[in-house]
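Here is what each chain is made of, one letter per residue.
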Amino acid sequence: MTDITTLMDELTLDEQVSLMAGQDMWNVGGIERLGIGALRVTDGPNGARGGGDFVHGTHSAAFPVGIALGATWDPDLMHQIGGALALETRDKGASVLLGPTINLQRGPLNGRNFECYSEDPVLTAKLTVSYVQGLQAAGVAATLKHFVANESEIRRTVNSSDADERTLRELYLVPFERAVKEAGAWAIMSAYNRINGTYAADNRWLLTEVLRGDWGFDGLVMSDWFGLRSTVDGAIAGLDLEMPGPTIQRGDKLVEAVRRGDVPAELVRQAALNVLRLLERTGTLRDTTPRREVENERPETRALIREAGVQSAVLLKNDGALPLSDSARIAVIGPNARTARVMGGGSAQLNAYRMVSPWDGLAQVLPEDRLSYAEGCTNERFSPVLEGDFTREWFKGDLSGDPVATDTVHALHAFMADGPEGIDPLDHAVRITGRFTAPEAGTWRFGFHSAGRSRLFLDGEEVAEAWDSWARGRTFFEEGCDPVTVERDLGAGQSIEIAFEFATHPTHDLHVSGYHLGVGRVLGQAEIDRAADIAAEADVALVCVGRSAEWDTEGWDLPDMTLPGLQDRLVEAVAARAPRTIVLLQTGGPVAMPWLDRVDAVLQGWYPGQEAGQAFADVLTGARSPGGRLPQSFPTRLDDALTFSGTPEVTYPGEDGHVRYDEGLYIGYRHHARSRPAAFPFGFGLGYTDFAFGKPEVRVKPDGTGDLRLTVTNTGAREGAAVVQLYIAPAAAPVDRPEAELKNFAKLSLAPGDSGIATLALAARDFAWFDGDRRCWAIAPGEYTLRLGTSATDIFATAAVHLEGRDLPL
Ligand code: BGC
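The sections below set out a description of the structure shown in this document.

Conventions we followed
- Residues numbered from 1 in each chain as written.
- Predicted model: local features only at pLDDT ≥ 70, side-chain atom pairs only at ≥ 80, totals over all residues.
- Heavy atoms only, no water.
- Axes fitted to C-alpha atoms, helices over the stretch in contact; angles between N-to-C directions.
- Helix = DSSP H or I, 4+ residues; strand = E, 2+ residues; numbered from the N terminus.
- Left-handed = near helix turned anticlockwise from the far one by under 90°.
- Contact = heavy atoms within 4.5 Å.
- Buried < 20%, exposed > 50% of the residue type's maximum accessible area, 1.4 Å probe, protein only.
- Polar contact = N/O pair within 3.5 Å; in protein donor to acceptor, adjacent residues only side chain to side chain.
- Near = heavy atom within 4 Å.
- Areas by Shrake-Rupley, 256 points an atom, 1.4 Å probe, with all protein chains shown as cover.
- 1 Å grid on protein atoms, 1.4 Å probe; cavity = no way out; pocket = protein on both sides within 12 Å on 5 of 7 lines; lining within 4 Å.
- Sits in = over half its atoms within 2 Å of the grid points.
- Nonpolar A, V, L, I, M, F, W, Y, C, P; charged D, E, K, R; others polar.
- Pairing = 2+ DSSP bridges.

### Examining the packing of helix H4 (residues 75–91) against helix H5 (residues 121–137)
Right, so step 1: The geometry of H4 relative to H5 is characterised by a closest axis approach of 7 Å and an angle of 35 degrees between their N-to-C directions. Crossing of H4 over H5 shows right-handed handedness. From H4, Pro75, Met78, His79, Gly82, Gly83, Leu85 and Ala86 reach across to H5, where they touch Lys126, Leu127, Ser130, Tyr131, Gln133, Gly134 and Leu135.

Here it is in structure tokens:
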């Protein structure tokens, strides 16, 4: 095996520095002179997208999003998913996957709530450890992100998350710590935000003292994209790799800083060594062949994704409407019925091999004459992208002069457009012309937004602009304006001439450009009434509502917890007329359900990856039992989530550049245990069978190590999974502690009549709190109650253990 330390001795200072920054968006250049290969990375985390267009690039497999994986409570499944993702990553010529996302769900509105696993650090950590082990066993590096306290998207590149050390150590750092210590993660990505005033990428306490010092991390630390803002501070903090390239902060600037003595040469050597070590670990140190992307759709990966979908689906309510009876006529209704919602938005997007909608999933297993359909209403944030044959003229710089190229474009959405030769994605303009023909009569809404300036002409007249009035809004990662819309009444078959102009302009934080022009019919009460009529004719209505990747996306936060558009009205109207109503929810986090009492069943399906409709059909028809449990508490209303009560602006979304984590440890169920109980508690989920739990056998020593075992029996008539959750209610400590905290869990899938043993191991740390004064984990002596439950509030057994007082190292 190559000795990377010896190899390092052959590198000049310039070469070492060149390894400390990307060469382009996804590659770190190798060193040709010494036969050192390039390091290629890919997003992450719910699939391997590869290097191209975020939406239309090379096809890849779309796995369930983070919160869906969190809902599986299934470390074994996570291990398999890690292994499958390793193959996907290799298909894209990469050896580093940019995931998993392991920030916590601090409140319900984070745009990336969907990408995170849970509000609980232990659930997140256990799933992460398995995912990382599965991935890295196949030689592909995991990248834990975003380190740390990146719990909201609003002004994420400037805000400081202000949290005391105990809160960080007991909550937000835990998943990272365990993935480093237990899974030996090879890479980590610093967050965009500041932590207590210092950018994560410049934070020596975080990147060196905690990560390498306390935890013994020996992998690579990279910045989030364009998230490094310094030459000297970041290098001294221990930020090994600036991404992406070409470099902004390093290169000659860093070489100079070393020569001036501002950055010790040894630190540069160490950072470059960390890059070489990652190349070595992923088997690419000597691989100088060009990296190629291939499509390789694997049947076993499809099956795994479908299984994960079943295991993530959370049945929140069931008054006997599910599973569907064998002969039921089903009205499939709603904006998410025939449109597959399989993933969230932002950098986690990819071009999925398949996207199965609920309608398609059901139509594969049920005769079509038992299914009827109505859209009812829309739930879009942006008008659906305008498609057709449009002529696009490309200009260098602005729209003056002659176009340098002309092509045909079929979908009027672009993000970092791959233009013709000589076109700079950040310095160009386009004029797009064509026609739109209304397929049916009605009011049509044209809507556009852009990172860059844009304006729309209909039949030769400028009707709307984000040109002179362009203002930074919440699209394109906060580099784009908010949508601009204009409506037109059109008859069926009426055609209108479209001209759309776009020109880039200087960006703020992230170097991106893009535009979106869409058009969609405005739906109103008439369509809701029609859906209710169709529901009344069926035996049962399945209302498919929720959000989409336009709402659950990186780069902005949700405005509220309400279902967008007229969806609440649609559910109410259908429930009033249908014999039975089942709501299939697809969101990346909690939503308010004002109609809850009037419907018979609610199934939360999240964004479960490309096989979505298949997994839903499995669960709805009863071929499989829903295996998911909530990884995040669902409050009744937004005000019930602590982050949003008390001093709202300061704690969220922040004021004067600071988001104060004043609630400390009291997020999610830790908060709901004190006040404002959740509508659906953390850990909750129904199935189609019943379980009996035997008396627990507790074998915990006074030092806090040991385990707890119990027999679980499926006493019902169908297969199903039980998730046994172990919460610890602590002894009196010199500090305030949450009433009880999850410390372990076990998921058992059992056939009817079968029994299994749940074994829940405990470590001393599970009883400890972080003592900042004495720099240790402290166990207060006394009695601790072990609570066994099927959610944070449904406890079926308790046991007491007595522990001696003890300190544990960091
Ligand atoms: C995201 C990262 C992602 C990176 C590369 C950033 O905007 O925060 O999670 O890996 O872009 O796409």
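### Description of the side chain of Arg737
Right, so step 1: Secondary-structure assignment places Arg737 in the loop between strand S32 (720–729) and strand S33 (741–750).
Right, so step 2: Note on Arg737: relative accessible area 11%, which makes it buried.
Right, so step 3: Separated by 3.0 Å, the side chain of Arg737 and the backbone oxygen of Phe767 make a polar contact.
Right, so step 4: Reaching out from Arg737, the side chain makes a polar contact with the backbone oxygen of Ala768 at a distance of 3.2 Å.
Right, so step 5: Discounting residues that sit within four places of it in the chain, Arg737 has contacts with Arg166, Tyr666, Pro730, Phe767, Ala768, Trp769 and Tyr784.

### Some points on the site of the ligand
Right, so step 1: Of all residues adjacent to the ligand, which total 13 residues, the nearest are Asp43, Arg112, His146, Asp224 and Glu554.
Right, so step 2: Between the ligand and Tyr192 there is a distance of 3.0 Å, counted from an oxygen atom to a side-chain nitrogen or oxygen.
Right, so step 3: At a separation of 2.6 Å, an oxygen atom of the ligand approaches a polar side-chain atom of Asp224.
Right, so step 4: Protein burial of the ligand: of its 310 Å² of free accessible surface, 96% is covered by the chains.
Right, so step 5: Assessed atom by atom at 2 Å from the grid points, the ligand resides in the largest cavity.
Right, so step 6: Class assignment for the residues of the shell around the ligand results in five nonpolar, two polar and six charged.

### Remarks on the sheet that holds strand S36 (residues 776–779)
Right, so step 1: With antiparallel pairing, three strands are arranged side by side in an open sheet as S35-S36-S39. The open sheet has two edge strands with one neighbour each: strand S35 (769–771) and strand S39 (806–808). On average, each strand axis in the sheet is tilted by 40 degrees relative to the strand beside it, whichever way the strands run.
Right, so step 2: Relative to S39, S36 is paired through three bridges, and the arrangement is antiparallel. Residue pairing across strands places Trp777 opposite Leu808, the latter belonging to S39.
Right, so step 3: Relative to the sheet, helix H6 (residues 165–172) contacts S35 and S36, its axis offset from that of S35 by approximately 150 degrees.

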